[in-house]
Amino acid sequence: MNSGNIILMKKYFFYMMAILMIAMVNVSFTACSSDDDNEATISKSELIGTWYTLEDDWVLVFTETSVTQYEIWKFSGKYSLNSYTVTTKYSLSGNKIIGEDGLNATISINGNTLRVSNGEESLTYTKFNGTPQQLMNYLNN
């Protein structure tokens, strides 16, 4: 091999190594940045209000510090609230809701839809602008 070919091969080798290094750096930056996008932060202002699901017949009313859970009953085609309620204090951490009663779930909000998942089950709630009793009146019309 003559010296011209050796120089050409060295340039080609370094050129290919540079391309590989750039490609590897881009892949590593892409992988790192996507990890941060998986966890959306939910604010309490988005969560505060009345949410209901007819999948499992529940109404949740969130305030700044607590959530009250009501059960919906349907009898003879009419909706009503069970008189038994449960109120629990909660906190938010990113897209996690943590309740003092042991509740630990992942939540997401998209418009007027709240999705709650505990890893085993998932429920979708719809936001209602009013009280639980006003919701019953709305559902019965």
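You'll find the structure just up there.
Residues numbered from 1 in each chain as written. Predicted model: local features only at pLDDT ≥ 70, side-chain atom pairs only at ≥ 80, totals over all residues. Heavy atoms only, no water.

Enquirer: I'd like a description of unusual backbone geometry, backed by residues and values.
Expert: One non-glycine residue, Asp-57, lies in the positive phi region at around 60°. For Asp-57, the position within the fold is in the loop between strand 1 (49-53) and strand 2 (58-62). A positive phi angle, close to 55°, is found at Ser-76, a residue other than glycine. Within the secondary structure layout, Ser-76 lies in the loop between strand 3 (66-75) and strand 4 (78-93). (Helix = DSSP H or I, 4+ residues; strand = E, 2+ residues; numbered from the N terminus.)

Enquirer: With reference to specific residues and values, describe the environment of Leu-103.
Expert: You can see Leu-103 is positioned in the loop between strand 5 (96-99) and strand 6 (104-110). The spacing of Leu-103 and Thr-88 is 15 residues in sequence and 9.3 Å in space, taken between C-alpha atoms. Setting aside anything within four residues of it in sequence, one finds Leu-103 in contact with Ile-97 and Ile-98. (Contact = heavy atoms within 4.5 Å.)

Enquirer: I'd love a proper account of the sheet that holds strand 7 (residues 113-117), names of residues and values included.
Expert: Reading around the barrel, the 8 strands line up as 1-2-3-4-5-6-7-8 and close back on themselves, with antiparallel pairing between neighbours. Recorded for the sheet is a direction-independent mean angle of 35° between the axes of neighbouring strands. Here strand 7 pairs with strand 8 (residues 122-128) via 5 bridges, running antiparallel. By the bridge assignment, Ser-117 is partnered in strand 8 with Ser-122. The sheet contacts of helix 3 (residues 132-140) involve strand 1, strand 2, strand 3, strand 4 and strand 8, and relative to strand 4 the element is tilted by about 135°. (Pairing = 2+ DSSP bridges. Axes fitted to C-alpha atoms, helices over the stretch in contact; angles between N-to-C directions.)

Enquirer: Please give an account of the pairing of strand 8 that cites residues and values.
Expert: One ladder, built from 3 bridges, connects strand 1 with strand 8; its direction is antiparallel. Counterpart to Thr-50 in the pairing with strand 8 is Phe-128. The turn linking strand 7 back onto strand 8 is made up of 4 residues, and Gly-119 within it adopts a positive phi angle of 95°.

Enquirer: Can you break down the nonpolar core residue by residue, with the values?
Expert: Nonpolar side chains in soluble globular proteins generally cluster together in the buried interior. If you look at the biggest cluster of nonpolar residues, it comprises 15 residues, and the most contacted ones within it are Leu-47, Trp-51, Phe-62, Ile-97, Ile-107, Leu-114 and Tyr-125. Where this core is concerned, the elements lending two or more residues are strand 2, strand 6, strand 7 and strand 8. Excluding residues within four positions of it along the chain, Leu-114 makes contact with Leu-47, Trp-51, Phe-62, Ile-107, Ser-108, Ile-109, Leu-123, Thr-124 and Tyr-125. Of all hydrophobic cores here, the second largest spans 9 residues; its members include Val-59, Phe-128, Met-136 and Leu-139. (Core = buried A, V, L, I, M, F, W, Y, C linked by side-chain atoms within 4.5 Å. Buried < 20%, exposed > 50% of the residue type's maximum accessible area, 1.4 Å probe, protein only.)

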